[in-house]
Amino acid sequence: MERREAEKPIVLGNVTVYGIDDLEGTTSRLNLSRLTLAAGEWLTVVGVNGSGKSTLARLLAGIEPERMIGTLERGFAGENSCPIVLQQPKAQLFGETPREEVMFALEWRGISAEHILEKVDQALHRVGLTALADEPWDRLSGGQQQLAAVSAATECDAPLLVLDEATSMLDEQNRDTVLRTAREFHARGSAVVWVTQRLDELEPDSRVVAVGEGSIIFDGTGREFMYGSAGDEQGEDGPISPCLRAGLRLPYLAEFAIELRRQGKIADPLPMTDREWRKVWESGGIGETTK
Ligand SMILES: Nc1ncnc2c1ncn2[C@@H]1O[C@H](COP(=O)(O)OP(=O)(O)OP(=O)(O)O)[C@@H](O)[C@H]1O
């Protein structure tokens, strides 16, 4: 790909994705006027069940549904569709076992035969699947299949990786492993689309898009999504949280931060991370807390 093309964003313009029989009707699965994704960006997509997250994630990965109108410029992602980890991993697995799955990914990446076996072992070890490497899929749990799919997808050398609720079947430890693996992939310069229902996975300064009833209802930082900003509709206690507008429940600690702000005990920017909360406790919970 030419250098200039590799720097262009993905752009979705005036996109509507229709449901099964309603191309002539008024309902749609997704309807947005414009959304861009820059090379190397990390984008978290949130929203309630059925809001359109997966439809959006697939589009960003380059998988165009049949009943779609609008434009999809692939920019830095190029013409090929990108690796995507689906909520139900079994639908996407090519190989018969975790080892085969990762091996195919490495072959696709063009890794030479002499290095492949060692790299497959390392990849499976990273996600804790060494002992299950040669087991057929029906002897693995849904979560273990999800780990194999993540392991294969992150071994690819792609400009974009899409993970659609890739931790939905995982316990806390494996969820951390997958999040870390995705962050390492991102640190190598690729863009990542991370679809989640778990608001504790949001980073304060990272971009979040919220989807509601097929529309983009928020596009800003994680902190703005949680706590609102000056430009948002104001309630009695400050800005109304876009998280609530998206129909999602605020995490307990976020509710607590808003209550402390209401009581005048802490000020914006409200804390989100463990480190920021620690500063609140250390400062006695009053005044400028997160800077
Ligand atoms: N293949 C399809 N054909 C027609 N409609 C579909 C198809 N897949 C999904 N839908 C509908 O499109 C809407 C958005 O679905 P989508 O899977 O994008 O939502 P989601 O936010 O990812 O949901 P969840 O969190 O439950 O996975 C839903 O109303 C769903 O019923």
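The structure displayed is predicted, hence computed values, not measured ones.

**Student:** Hey, could you run me through the site of the ligand in this one?
**Tutor:** All residues adjacent to the ligand are Gly19, Ile20, Arg29, Gly47, Asn49, Gly50, Ser51, Gly52, Lys53, Ser54, Thr55 and Gln87. Sort the elements by how many residues they give to the shell around the ligand and helix H2 (residues 53-61) lands first, with 3 residues. Residue classes in the shell around the ligand are distributed as 1 nonpolar, 9 polar and 2 charged.

**Student:** Sorry if this is basic, but what is going on with the sheet that holds strand S6 (residues 160-164) here?
**Tutor:** Each strand in a sheet pairs with its neighbour through backbone hydrogen bonds, running either in the same direction (parallel) or in the opposite one (antiparallel). If you trace the 6 strands from one edge of the open sheet to the other, you get S5-S6-S7-S3-S8-S9, paired in mixed fashion. Every other strand in the sheet has two partners, leaving strand S5 (84-85) and strand S9 (215-221) as the edge strands with one partner each. One ladder, built from 6 bridges, connects strand S8 (residues 207-212) with S9; its direction is antiparallel. By the bridge assignment, Val208 is partnered in S9 with Gly220. Contacting strand S3 (42-46), S6 and strand S7 (191-195), helix H6 (residues 172-187) crosses the sheet at an angle of about 155° to S7.

**Student:** Explanation requested: unusual backbone geometry in the structure shown.
**Tutor:** Trans peptide bonds make up most of the peptide bonds, and negative phi angles are found at most residues other than glycine. Omega for the peptide link from Asp268 to Pro269 comes to -5°, which places this bond in the cis form. Structurally, Pro269 is set in the loop between helix H9 (252-262) and helix H10 (274-282). A positive phi angle is found at Glu213, which is not glycine, with a value near 45°. Take Glu213: there are 17 C-beta atoms within 10 Å of it, and that puts it in the partly exposed class.

Procedures and definitions
- Residues numbered from 1 in each chain as written.
- Predicted model: local features only at pLDDT ≥ 70, side-chain atom pairs only at ≥ 80, totals over all residues.
- Near = placed C-beta within 6 Å.
- Helix = DSSP H or I, 4+ residues; strand = E, 2+ residues; numbered from the N terminus.
- Nonpolar A, V, L, I, M, F, W, Y, C, P; charged D, E, K, R; others polar.
- Pairing = 2+ DSSP bridges.
- Contact = placed C-beta atoms within 7 Å.
- Axes fitted to C-alpha atoms, helices over the stretch in contact; angles between N-to-C directions.
- Buried ≥ 20, exposed ≤ 12 C-beta atoms within 10 Å, placed from the backbone.

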